[in-house]
Amino acid sequence: MSVSGDRNTSEPGDPADLAGQLALGTLEGEDRVRALALYHEDPAFATEVQRWRERLVGLAHAVPPLRPRRDLWKGISKRIFEGPARRPQRGMVLGEWFGVSFWRRWALTATAGFGALALVVWQADVVFQPPNRLVVILDSDEVAGRAPWLLTIEPEARILTPVAFGEPVVPPDRVQELWVIPPGGEPHSLGLIEDITSVPLPDPFASAESLFAVSLEPPGGSPTGAPTGPVVYTGGVETLPR
Amino acid sequence: MAGDSLEAMLDAVAVGDKEALHEIYQRTSAKLYGVVTQIVGRRDWADEVTQDVYVRIWRQAHRYQPGLGQPMTWMITIARNLAIDRVRSEGSRHHVDIDDLHEVLPAHAPDPEAKTIGNDEAERLSACLEELAENYRLCIRLAYWQGYSHSELAERLSTPLGTVKTWTRRGLQLLRDCLDR
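What counts and what doesn't
Numbers given for residues are sequential positions, taken from 1 along each chain in its written order. Labels are handed out in written order, letters beginning with A for the chains and numbers beginning with 1 for the ligands. With the structure being a predicted model, the display of local features is reserved for residues of pLDDT at least 70 and the display and counting of side-chain atom pairs for 80 or more, all residues being used for whole-chain, interface and lining totals. Hydrogens and waters are ignored; side-chain quantities use all the structure's heavy atoms. Starting at the N terminus, helices and strands are each numbered in turn, a helix being any DSSP run of H or I of at least four residues and a strand any DSSP run of E of at least two. Buried means the residue's accessible area, taken with a 1.4 Å probe over protein chains only, is under 20% of the maximum for its type, while exposed means over 50%, and partly exposed covers the values in between. Residue contacts follow a heavy-atom distance rule, with two residues in contact if any of their heavy atoms lie within 4.5 Å. Whether two aromatic rings pair depends on their centres lying within 6.5 Å, for rings of Phe, Tyr and Trp, where Trp uses its six-membered ring; planes under 30 degrees apart make the pair stacked, over 60 edge-to-face, and the rest tilted. Any Lys NZ or Arg CZ found within 6 Å of a ring centre and within 35 degrees of that ring's normal is scored as a charge over the ring. Salt bridges are identified by distance alone: a Lys or Arg side-chain nitrogen within 4 Å of an Asp or Glu carboxyl oxygen. By convention in this document, the label disulfide applies to cysteine sulfur atom pairs within 2.5 Å. The convention used is that axes are lines fitted to C-alpha atoms, helices contributing only their stretch in contact, and that angles between N-to-C directions extend from 0 to 180 degrees. An angle counts as roughly parallel when it lies under 35 degrees, as roughly antiparallel when it exceeds 145, as roughly perpendicular when it falls between 65 and 115, and as oblique in every other case. Residue type decides the class: Asp, Glu, Lys and Arg count as charged, Ala, Val, Leu, Ile, Met, Phe, Trp, Tyr, Cys and Pro as nonpolar, and the leftover types, Gly among them, as polar.

This part takes up the overall build of chain B. Along its length, chain B carries nine helices and zero strands. Ordering the α and β elements of chain B from the N terminus gives α-α-α-α-α-α-α-α-α. A total of 181 residues make up chain B; the buried ones form 61% of that total. Partitioning the intrachain contacts of chain B with sequence separation of at least 6 by distance along the chain shows that 62% fall at a separation of at least 24.

On to the packing of aromatic side chains. Per the stated rule, a full pass over the model turns up four aromatic pairs over all chains. Seen in terms of ring centroids, Tyr-25 of chain B and Tyr-54 of chain B are 4.9 Å apart; in terms of plane orientation they differ by 70 degrees. Their pairing is edge-to-face. A residue pair is termed long-range when its members are at least 10 positions apart, and Tyr-25 of chain B in helix H2 (residues 18–40) and Tyr-54 of chain B in helix H3 (residues 43–60) qualify at 29 residues. As far as the burial class goes, Tyr-25 of chain B and Tyr-54 of chain B line up, both buried. Taking 5.1 Å as the distance between ring centres and 85 degrees as the angle between the ring planes, the aromatic pair formed by Tyr-144 of chain B and Trp-145 of chain B counts as edge-to-face. Trp-145 of chain B sits in the buried class, given a relative accessible area of 0%. Every member of this aromatic cluster is reached through a ring pair, and the members are Trp-73 of chain A together with Tyr-25 and Tyr-54 of chain B. A cation sits over an aromatic face here: Arg-55 of chain A above Trp-52 of chain A, 4.6 Å from the ring centre.

A few words on the pattern of salt bridges. Within this structure, the stated rule accounts for 13 salt bridges over all chains. For the salt bridge of Asp-52 of chain B with Arg-79 of chain A, the shortest nitrogen-to-oxygen distance reads 2.8 Å. Here Asp-52 of chain B is found in helix H3, whereas its partner Arg-79 of chain A is found in helix H4 (residues 72–81) on a different chain. Judged by relative accessible area, Asp-52 of chain B falls into the buried class, the value being 5%.

What follows deals with the state of the cysteines. Residues and elements named next belong to chain B. Summed over the entire model, instances satisfying the criterion amount to one disulfide over all chains. Note that Cys-128 is cross-linked by a disulfide to Cys-178, the S-S spacing being 2.0 Å. Since a negative S-S torsion denotes a left-handed disulfide, the Cys-128-Cys-178 link at about -75 degrees is left-handed. With Cys-128 in helix H6 (residues 119–131) and Cys-178 in helix H9 (residues 161–179), this residue pair connects regions lying 50 residues apart in the sequence. Owing to a relative accessible area of 9%, Cys-178 belongs among the buried residues under this scheme.

In this section: the packing of helix H7 (residues 134–146) of chain B against H9 of chain B. Residues and elements named next belong to chain B. H9 packs onto H7 with a crossing angle of 95 degrees between their chain directions and a minimal axis gap of 8 Å. One finds that H7 runs roughly perpendicular with respect to H9. Contacts between H7 and H9 pair Asn-135, Tyr-136, Cys-139 and Ile-140 from the former with Val-164, Trp-167, Thr-168, Arg-170, Gly-171, Leu-172, Leu-174 and Leu-175 from the latter. Of the residues assigned to the contact of H7 with H9, the class counts are eight nonpolar, three polar and one charged.

Here it is, written out as structure tokens:
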């Protein structure tokens, strides 16, 4: 085997190689961000990533099937069909709701759990419904469950607070800008997500149907007032019962 | 519903058909549970992750695009991602000795009972992996089953990062050439 040095730490790889490595999961840092951006922006690249998933899936198919225990379905069915988890799971007390481990675990396991079925679709003119706790999980399709950002929204005051609990991967020369997109409207910048402690959400952004997104922008943020870079994370408003 | 394709069932799930989800579960849970268990290495975690997988399928079915691949691949991708996330969050990978990789990371194990979904893919991939040099194959297997990134592979294999990147890239290229042949 001849290995002639480190050829590709910084040089942009061939997109076909990048697609294979994204599907395999070995990319990190800037390479990963670039690949994710391509995945979102370039349908041909997304198709290539998918083709790679199909190539690699034979590995999974080679694993012997294993019958899960009988009551596993019951647990799934309960989580899905018996409405949002009205009881916090595993005797969680209120103080733990905002604990790091809770958020981490929650986002990592199913973004579902509580949020899943509690996804609330109000009329567009209905703003947040107070007794609930509102959150937005900024996630990406490609890294399912690895959401690096969570937004919490105080429904009465309509104050949004970003919580970092993953490790967003951002190239050194880019920043992450947070956008809110009201129903039927244009993206409106809420600022650079890392700089935001908390930010008010005026009408019409305080809608249960608003979408939130993070795009990668040049230092200082988008020069145009609209997203100019790839959108790396998106999420909608979900509610957790108090 | 028994005769329907997984694709049709996912369509039904996307509009809230609970029976369709149950049907999907019956057809795919042994496969997905096997994949999840392979990654997390513990039955209790596998139970939890597998539940998460079906909750996610329920929730994300509308995102599945037939043009972008097989339904089974889509579900396996979800299962693999969630399982890898779980071991990462627990900070404990199901560590295996390199020497044991063949046992833990099966090379050819087309299972005897399920002669259905995925057997051809498994056999073709397995044959192509066999053609690769051992270090290429190792990188691909470790990355697939343990979720290792390039730098984690480098650490695990005590090999310089650049070398591991080359092995992975080259291994994938050769694999593609073989599979597309």
